[in-house]
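Here is how the chains run, residue by residue.
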Amino acid sequence: MKHDVEREPDAAVDLFGDRIDRARQYTNDLADRGEELGLIGPLELPRLWSRHILNCALVAPLLRPGRVGDVGSGAGLPGLVLAIARPDCHLVLIEPMERRVDWLLAESAALELDNVTVVRARAEEAKLDAGLHQVTARAVTALKGLIPATAPLLLHGGEMLFMKGTRVDAEIEAAQKTIRKFHIVDVEVVILGEGIVPEVTRVFRATVD
């Protein structure tokens, strides 16, 4: 592992419990190969745990047992992190780029995650063998484009859990027409990680009616 990787925060064990060894291996693998494969930028190693791994793990308690999609899964943030933290959920990682798909397949095998399926596709073109109970995404696109791409993947009553930045309220305002068109209800922003990570995790949560 590279020497400039952030030291594991104390909160990691609390968030991952008896799955912490897998979380450590994934973090080490991402630190070793992530920049080379174009999965993370060169400035991310000193904040890899707090800004990326824990940032994603905070979402794990929002998952329900069932099929959870991760759109634009990339490095596996949050998909692989959630698969580690929630073995009772089956994560469907949807990613169009071959290099990233290869990484997701290799890493899920190395971590012995039997609750992961990798689908090479853009969200709007994905052909899944069953609908999703929940879908998540991180740093993909604004809600105005994300909602139309993911709503068709969800079962009736399925839930969107999109990790967002400080402009999430403005995104919601800009997507009002789209929210109505796709019958999205119970819209809220959940703030996670206060006092645990330097930057809180903001989650757009809503249901497809």
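Up top is the structure these notes are about.
Below, the structure is looked at part by part. (Residues numbered from 1 in each chain as written. Predicted model: local features only at pLDDT ≥ 70, side-chain atom pairs only at ≥ 80, totals over all residues. Heavy atoms only, no water.)

### Thoughts on the overall build of the chain
As a reminder of what qualifies: Note on conventions: DSSP H or I runs of at least 4 residues are helices, E runs of at least 2 residues are strands, and numbering of each starts at the N terminus. The reference for a compact globule is 2.2 Å times residues^0.38; the radius of gyration itself is calculated from the C-alpha atoms. Each residue's exposure class comes from its accessible area (1.4 Å probe, protein chains only) as a fraction of the maximum for that residue type: buried when under 20%, exposed when over 50%, partly exposed otherwise. Residue contacts are defined here by distance: any two heavy atoms, one from each residue, within 4.5 Å place the two residues in contact. Surface accessibility in these figures is a Shrake-Rupley result with a 1.4 Å probe; residues are shielded only by whichever protein chains are displayed. In this tally, Asp and Glu contribute negative charge and Lys and Arg positive charge; neither His nor the terminal groups of the chain are included. A single reference atom marks each charge: NZ on Lys, CZ on Arg, CG on Asp, CD on Glu.
A tally of helices and strands in the chain yields eight helices and seven strands. Relative to the compact-globule value of 17 Å for 209 residues, the chain shows a C-alpha radius of gyration of 16 Å, a close match. Structurally, the chain occupies a C-alpha span of about 50 × 35 × 30 Å along its principal axes. Out of the 209 residues in the chain, the part that is buried amounts to 53%. When contacts within the chain are restricted to residue pairs at least 6 apart in sequence, those whose partners lie at least 24 apart make up 69%. Accessible surface computed for the chain: about 9800 Å², of which carbon and sulfur atoms make up 49%. Taken as two groups, the 25 positive and 32 negative side-chain charges of the chain have centres that lie 6 Å from each other.

### Observations concerning the packing of helix 2 (residues 20-33) against helix 3 (residues 48-57)
Cut-off, in case you're wondering: Note on definitions: angles span 0 to 180 degrees between N-to-C directions of axes, and those axes are lines fitted to C-alpha atoms, for helices only across the stretch in contact. Note that the term roughly parallel is reserved for angles under 35 degrees, roughly antiparallel for angles over 145, roughly perpendicular for angles of 65 to 115, and oblique for everything else. The sense of a crossing depends on the near helix, which, turned anticlockwise from the far helix by less than a right angle, makes the crossing left-handed and, turned clockwise, makes it right-handed.
Look at helix 2 against helix 3: their axes get within 12 Å of each other, and the N-to-C directions meet at 125°. The orientation of helix 2 relative to helix 3 falls into the category oblique. At the point where helix 2 passes helix 3, the crossing takes the right-handed sense. Where helix 2 abuts helix 3, its residues Ile20, Ala23, Arg24, Tyr26, Thr27, Leu30 and Ala31 lie against Leu48, Trp49 and Ile53.

### Re the packing of aromatic side chains
For any two aromatic rings, the description comes down to two numbers: the centre-to-centre distance and the angle of the planes. As a reminder, the rule being used: The criterion for an aromatic pair is that two Phe, Tyr or Trp rings (for Trp, the six-membered ring) have centres within 6.5 Å, with stacked assigned to planes under 30 degrees apart, edge-to-face to planes over 60 apart and tilted to the rest.
Within this structure, the stated rule accounts for one aromatic pair. Between Phe162 and Phe204, the aromatic rings sit 6.0 Å apart at their centres with planes inclined by 5°, giving stacked as the arrangement. Of this pair, Phe162 sits in strand 5 (residues 154-164) while Phe204 sits in strand 7 (residues 201-208), and the two are 42 residues apart along the sequence. The buried category is assigned to Phe204, whose relative accessible area is 0%.

### Considerations on the side chain of Thr178
Its location among the elements puts Thr178 in helix 8 (residues 176-181). For Thr178, the residues in contact, after removing those within four places along its chain, are Lys144, Ile147 and Pro148.

### Thoughts on the state of the cysteines
As a reminder, the rule being used: For this text, the term disulfide refers to a pair of cysteine sulfurs within 2.5 Å.
For the structure on display, the rule yields zero disulfides. This cysteine, Cys89, is not joined by any disulfide, and Cys56 carries the nearest cysteine sulfur, 15 Å off. Among the residues examined, Cys89 registers a relative accessible area of 1% and is labelled buried.

### Observations concerning helix 6 (residues 143-150)
Note that an α-helix has 3.6 residues per turn; residues three or four places apart therefore point the same way. Quick reminder of the rule: The arc in question is traced by the directions running from the helix axis to the C-beta atoms.
Taken together, the buried positions of helix 6 are Leu143, Leu146, Ile147, Ala149 and Thr150. Looking straight down helix 6, one finds its buried side chains confined to an arc of 170°; they lie on one side.

### Brief notes about the packing of helix 2 against helix 5 (residues 98-110)
Defined as follows: Classification used: nonpolar for Ala, Val, Leu, Ile, Met, Phe, Trp, Tyr, Cys and Pro, charged for Asp, Glu, Lys and Arg, polar for all others including Gly.
Close contact between helix 2 and helix 5 brings their axes to 11 Å; oriented N to C, the two are set at 145°. Read as a crossing pair, helix 2 and helix 5 show a hand that is right-handed. Residues Gln25, Tyr26, Asp29, Leu30 and Arg33 of helix 2 lie in contact with helix 5, whose contacting residues are Trp103, Glu107 and Ala110. For the contact of helix 2 with helix 5, the per-class residue count stands at four nonpolar, one polar and three charged.

### Digging into the environment of Leu30
Structurally, Leu30 is set in helix 2. As for Leu30 and Gly72, which are separated by 42 residues in sequence, their C-alpha atoms are 17 Å apart. Look past the residues within four positions of Leu30 in its chain and what remains in contact with it is Glu35, Leu39, Ile40, Leu48, Ile53, Ala75, Leu77 and Trp103.

### Looking at unusual backbone geometry
Trans peptide bonds make up most of the peptide bonds, and negative phi angles are found at most residues other than glycine. Here Leu77 and Pro78 are connected by a cis peptide whose omega angle stands at 15°. Within the secondary structure, Pro78 sits in the loop between strand 1 (67-71) and helix 4 (79-85). Phi at His183 takes a positive value of approximately 55°, unusual for a residue other than glycine. Tracing the chain through its elements places His183 in the loop between helix 8 and strand 6 (184-192). According to the relative accessible area criterion, His183 is exposed, its value standing at 52%.

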